[in-house]
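# Architecture at a glance
One-letter residues, chain by chain:
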Amino acid sequence: MNNQVETKPVSIGDWIVTYLLLCIPLVNFIMLIVWAVQADKPSKSNWAKATLIWMILGVIIFMVFGATLMAGIASQSGY
């Protein structure tokens, strides 16, 4: 018995809609979560998981550098 599930590749139209939805703030984050838990398209699910990881990492780096920059500005201005 073969336990592998046959899946169709993600179509070009699917990718166009995907990238269009990623251009909308907040919708992009929600849709990435939906696609990450989606089981019927494993390649899109893996892509969404990786994109979420990069997005979260980017936010953390932005917050660290932003806090460092603000602390530097505050110390230079005497506040």
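Residues numbered from 1 in each chain as written. Predicted model: local features only at pLDDT ≥ 70, side-chain atom pairs only at ≥ 80, totals over all residues. Heavy atoms only, no water.

Glancing now at the packing of aromatic side chains. Two numbers describe a pair of aromatic rings. These are the distance of the centres and the angle of the planes. Using the criterion set out here, one finds 4 aromatic pairs in the structure. Where Trp15 meets Tyr19, the ring centres are 6.1 Å apart and the plane angle is 35°; that geometry is what we call tilted. Residue Trp15 and its partner Tyr19 are both found in helix α1 (residues 12-22); the two are separated by 4 residues, about one turn of the helix. Judged by relative accessible area, which is 46%, Tyr19 ranks as partly exposed. For the ring pair Trp35 and Trp47, a centre distance of 6.4 Å and an interplane angle of 45° mean the geometry is tilted. (Phe/Tyr/Trp six-rings, centres within 6.5 Å; stacked < 30°, edge-to-face > 60°. Helix = DSSP H or I, 4+ residues; strand = E, 2+ residues; numbered from the N terminus. Buried < 20%, exposed > 50% of the residue type's maximum accessible area, 1.4 Å probe, protein only.)

This next bit is on the packing of α1 against helix α2 (residues 27-37). The geometry of α1 relative to α2 is characterised by a closest axis approach of 8 Å and an angle of 135° between their N-to-C directions. On the basis of their axis angle, the class for α1 and α2 is oblique. Contacts from Thr18, Leu21 and Leu22 of α1 reach α2 at Val27, Asn28, Met31, Leu32 and Trp35. When its residues are assigned to classes, the contact of α1 with α2 shows 6 nonpolar, 2 polar and no charged. (Axes fitted to C-alpha atoms, helices over the stretch in contact; angles between N-to-C directions. Parallel < 35°, antiparallel > 145°, perpendicular 65-115°, else oblique. Contact = heavy atoms within 4.5 Å. Nonpolar A, V, L, I, M, F, W, Y, C, P; charged D, E, K, R; others polar.)

Let us look at the pattern of salt bridges. One pass over the structure, following the stated rule, counts 1 salt bridge. A salt bridge links Lys41 to Asp14; the nearest nitrogen and oxygen atoms lie 2.4 Å apart. Placement of Lys41 in the loop between α2 and α3 (42-77) and of Asp14 in helix α1 is noted, with a sequence separation of 27 residues between them. You can call Asp14 partly exposed: its relative accessible area is 22%. (Salt bridge = Lys/Arg side-chain N within 4 Å of Asp/Glu carboxyl O.)

Here we take up the nonpolar core. Within the largest apolar cluster, 6 residues are counted, these being Leu22, Leu32, Trp35, Ala36, Ala48 and Leu52. Secondary structure elements with two or more residues in this core: α2 and α3. The dominant element in this core, judged by the number of residues it contributes, is α2, at 3 residues. If sequence neighbours within four positions are ignored, Trp35 has contacts with Thr18, Leu21, Leu22, Lys44, Ser45, Trp47 and Ala48. (Core = buried A, V, L, I, M, F, W, Y, C linked by side-chain atoms within 4.5 Å.)

Note that all results are geometric; they support no functional claim without further evidence.
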